[in-house]
Amino acid sequence: IAVSEGTCNTHPKGVLQFTGGEDAALARLQQWMFTDDRLQHYFDIRNGMLGEGYSTKLSPWLSAGCISPRLVYHESKRYEIERGISNKSTYWVTFELLCRDFFRFLCTKHGNKIFFQDGAEGGRGSTPRKWSTDADKIARWKTGMTGQPLVDANMRELMHTGWMSNRGRQNVASYLVLEMGVDWRIGADHFESYLLDHDVCSNYGNW
Ligand SMILES: Cc1cc2nc3c(=O)[nH]c(=O)nc-3n(C[C@H](O)[C@H](O)[C@H](O)COP(=O)(O)OP(=O)(O)OC[C@H]3O[C@@H](n4cnc5c(N)ncnc54)[C@H](O)[C@@H]3O)c2cc1C
């Protein structure tokens with residue numbers, strides 16, 4: 001998406017046909033925020049998992065530097081003035097961009113400790129847990145063959161399209177770590193290989 005201004009070779013069933021470059025990013029912002037008028041409902045729709053409308057889908061362009069978070073913020077403010085609407089939803093995209101900033105600062109503070117098994121701040125005195133590295137379990141998670149429909153649907157979406165919703169990411173991450181007992185870094189590494197919007201700070205920070 002960063003290097004090519006042409007359409008990526010994305011799956012026809014992908015949430016969006018992501019096209020590289022600033023023009024496409026600006027067009028997506030305009031479409032989602034103003035034409036489709038989604039911002040005023042964002043707080044209520046942001047946990048969706050199906051279709052293009054539940055969230056901005058700007059992350060691939062943001063992670064590649066095609067569009068700036070400041071511009072998205074200023075467009076939110078313009079929306080509030082032009083539409084005469086200012087509510088929790090119109091603030092919440094800015095809140096998410098602040099989360100993005102938070103993870104950048106976290107990584108700046110902790111450096112390569114963000115890749116440690118116990119996390120950037122260590123285990124804080126807890127008993128070290130023995131994590132599974134069972135190859136079969138990991139392969140089932142990666143290919144969407146765990147037998148849990150929600151997890152499998154999300155993992156297959158990632159594998160075929162390079163996209164997964166925020167709520168999907170939270171669910172599959174919890175499943176890998178808490179249900180399968182697998183080292184979280186194996187999940188983060190898989191996300192790094194497949195996500196169209198991969199960003200070291202947001203990915204490793206969220207895990
Ligand atoms: C385990 C896990 C891994 C993730 N890995 C990445 C990653 O590699 N790259 C990435 O950009 N995001 C990552 N996220 C955060 C989030 O899932 C995506 O930013 C979001 O789904 C992108 O969709 P959107 O652009 O439609 O977001 P919207 O809901 O429209 O939010 C607007 C923007 O805010 C930022 N944002 C939203 N939620 C978060 C969040 N939780 N953390 C940091 N920034 C956020 C993004 O830049 C996003 O484009 C991860 C989340 C989890 C739980």
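Above this text sits the structure in question.
Presented here is an overview of the structure given in this document. Computed from a predicted structure; not experimentally measured. (Residues numbered from 1 in each chain as written. Predicted model: local features only at pLDDT ≥ 70, side-chain atom pairs only at ≥ 80, totals over all residues. Heavy atoms only, no water.)

Here we look at the environment of Arg 140
Residue placement: Arg 140 occurs in helix 6 (residues 135-143). The partly exposed category is assigned to Arg 140, whose relative accessible area is 28%. The sequence separation of Arg 140 and Glu 121 amounts to 19 residues, and the corresponding C-alpha distance is 30 Å. Other than its neighbours up to four places away in sequence, Arg 140 contacts Met 145, Thr 146 and Met 180. (Helix = DSSP H or I, 4+ residues; strand = E, 2+ residues; numbered from the N terminus. Buried < 20%, exposed > 50% of the residue type's maximum accessible area, 1.4 Å probe, protein only. Contact = heavy atoms within 4.5 Å.)

A word on the packing of helix 7 (residues 149-161) against helix 9 (residues 184-194)
At their nearest, the axes of helix 7 and helix 9 sit 9 Å apart, and the two run at 40 degrees to each other. Comparing the axis directions of helix 7 and helix 9 gives the class oblique. Across from Met 155, Leu 158 and Met 159 in helix 7, the residues of helix 9 making contact are His 190, Phe 191 and Tyr 194. In terms of residue class, the contact of helix 7 with helix 9 is built from five nonpolar, one polar and no charged. (Axes fitted to C-alpha atoms, helices over the stretch in contact; angles between N-to-C directions. Parallel < 35°, antiparallel > 145°, perpendicular 65-115°, else oblique. Nonpolar A, V, L, I, M, F, W, Y, C, P; charged D, E, K, R; others polar.)

Remarks on the site of the ligand
Every one of the 24 residues lining the ligand counts as a neighbour, but Tyr 42, Ser 55, Thr 56, Lys 57 and Asn 166 are closest to it. Thr 56 places a side-chain nitrogen or oxygen 2.6 Å from an oxygen atom of the ligand. Contact distances for the ligand include 3.5 Å between a nitrogen atom and a side-chain N or O atom of Arg 169. Contributing elements (two or more residues each) for the shell around the ligand: helix 3 (59-64), helix 5 (88-110), helix 8 (166-179) and helix 10 (200-206). In terms of residue count, helix 5 provides more of the shell around the ligand than any other element does, four residues in total. In the shell around the ligand, the residues fall into nine nonpolar, nine polar and six charged. In this structure, the shell around the ligand is formed jointly by two domains, domain 1 (22-110) and domain 2 (114-122 + 133-206), each of which donates at least three residues. (Near = heavy atom within 4 Å. Polar contact = N/O pair within 3.5 Å; in protein donor to acceptor, adjacent residues only side chain to side chain. Domains from an automatic or database assignment.)

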